[in-house]
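Residues per chain are reported as follows:
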Amino acid sequence: MGKTKRRREEEEDSIIDDGSVDDDASAANDADDVKSVEEGDDINDIEDKPIEKKKKVRKLKVSATEDFNAKLQKRGIVYISRVPPRMTPSKVKTLLSDFGTITRVYLVEEDKTKRKKRRKAGGSGGKRYTEGWVEFESKKRAKEAGEALNMSRIT
């Protein structure tokens, strides 16, 4: 017999004519449930599973999305072909903030194999970046920064 069929039969047996449930039978069913959990491989697996919550999706108004898209169209990007050692995104942001408001800075990290070789050879273990992009709030400010920094070293 399958487990579900056995449980149904046990539940039917535990019901008394007056409609009440036999306490001994329900206690036995509870004990069986506890046994099945105890017999499992690891009870911690059950507790460690994260409970998934449904995310609420917020609908934006058409005017809000149009405003956001208009702001995106006005932004300008400057490409940094080589980032000096020990230069971090925060340092890049402070250096280039003189030209205008910076919305985002993205720097590409050095390859893991290159970093291992550099550390093995006795170099510093800190993060280094190879190239990057800086996003300004306006294209005009980005163009000014690009012209001012073109073919010059960033220190």
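Above: the structure in question.
Cut-offs and rules
- Residues numbered from 1 in each chain as written.
- Predicted model: local features only at pLDDT ≥ 70, side-chain atom pairs only at ≥ 80, totals over all residues.
- Heavy atoms only, no water.
- Helix = DSSP H or I, 4+ residues; strand = E, 2+ residues; numbered from the N terminus.
- Buried < 20%, exposed > 50% of the residue type's maximum accessible area, 1.4 Å probe, protein only.
- Contact = heavy atoms within 4.5 Å.
- Areas by Shrake-Rupley, 256 points an atom, 1.4 Å probe, with all protein chains shown as cover.
- Phe/Tyr/Trp six-rings, centres within 6.5 Å; stacked < 30°, edge-to-face > 60°.
- Polar contact = N/O pair within 3.5 Å; in protein donor to acceptor, adjacent residues only side chain to side chain.
- Core = buried A, V, L, I, M, F, W, Y, C linked by side-chain atoms within 4.5 Å.
- Salt bridge = Lys/Arg side-chain N within 4 Å of Asp/Glu carboxyl O.

Hey, could you run me through the overall build of the chain in this one?
Within the chain, the regular secondary structure consists of seven helices and three strands. Counting from the amino terminus, the chain carries its helices and strands in the arrangement α-α-α-α-β-α-β-α-β-α. Here the chain holds 155 residues, and 15% of them are scored as buried. Pairs at least 24 apart in sequence give 66% of the contacts found in the chain among residues at least 6 apart. Summed over its atoms, the accessible surface of the chain is roughly 13600 Å², and 50% of this surface lies on carbon and sulfur atoms.

Hey, could you run me through the packing of aromatic side chains in this one?
The geometry of an aromatic ring pair is captured by the separation of the ring centres together with the interplanar angle, meaning the angle of the planes. Using the criterion set out here, one finds two aromatic pairs in the structure. Residues Y79 and W133 carry aromatic rings whose centres are separated by 5.3 Å and whose planes lie at 50 degrees to one another, so their mutual orientation is tilted. With Y79 in strand β1 (residues 76–80) and W133 in strand β3 (residues 129–136), the pair connects residues that are 54 residues apart, well separated along the chain. For W133, a relative accessible area of 32% gives the class partly exposed.

When you look at the side chain of E135 in this model, what are you seeing that I'm missing?
As for its placement among the helices and strands, E135 is situated in strand β3. In this structure the side chain of E135 is engaged in a polar contact, spanning 3.3 Å, whose partner is the side chain of R75. Those residues in contact with E135 that sit more than four places away from it in its chain are R75, G76, I77, T101, I102, T103 and R104.

What exactly am I supposed to notice about the nonpolar core here?
Generally speaking, soluble globular proteins have nonpolar side chains that are buried together. Among the nonpolar cores identified, the biggest contains 13 residues, and I80, V83, V92, L96, V134 and F136 are the most heavily contacted of them. Every element with two or more residues in this core is listed here: β1, α5 (89–96), β2 (102–109), β3 and α7 (139–149). The dominant element in this core, judged by the number of residues it contributes, is β3, at three residues. Those residues in contact with I80 that lie beyond four places of it in its chain are V92, L96, E131, G132, V134 and I154.

I would appreciate a short explanation of the pattern of salt bridges in the present structure.
Oppositely charged side chains may form a pair once their charged atoms are brought near each other. Under the counting rule described, the total for this entry stands at five salt bridges. Notably, a salt bridge pairs K127 with E109, separated by 3.3 Å at the nearest N-O pair. Of this pair, K127 sits in the loop between α6 (112–120) and β3 while E109 is found in strand β2, placing the two residues 18 residues apart along the sequence. By relative accessible area, which is 48% here, K127 ends up partly exposed. One salt bridge in this structure joins E144 and R141, with 3.2 Å as the shortest N-O distance. Note that E144 and R141 are positioned in helix α7 at a spacing of three residues, about one turn of the helix. Judged by relative accessible area, which is 33%, E144 ranks as partly exposed.

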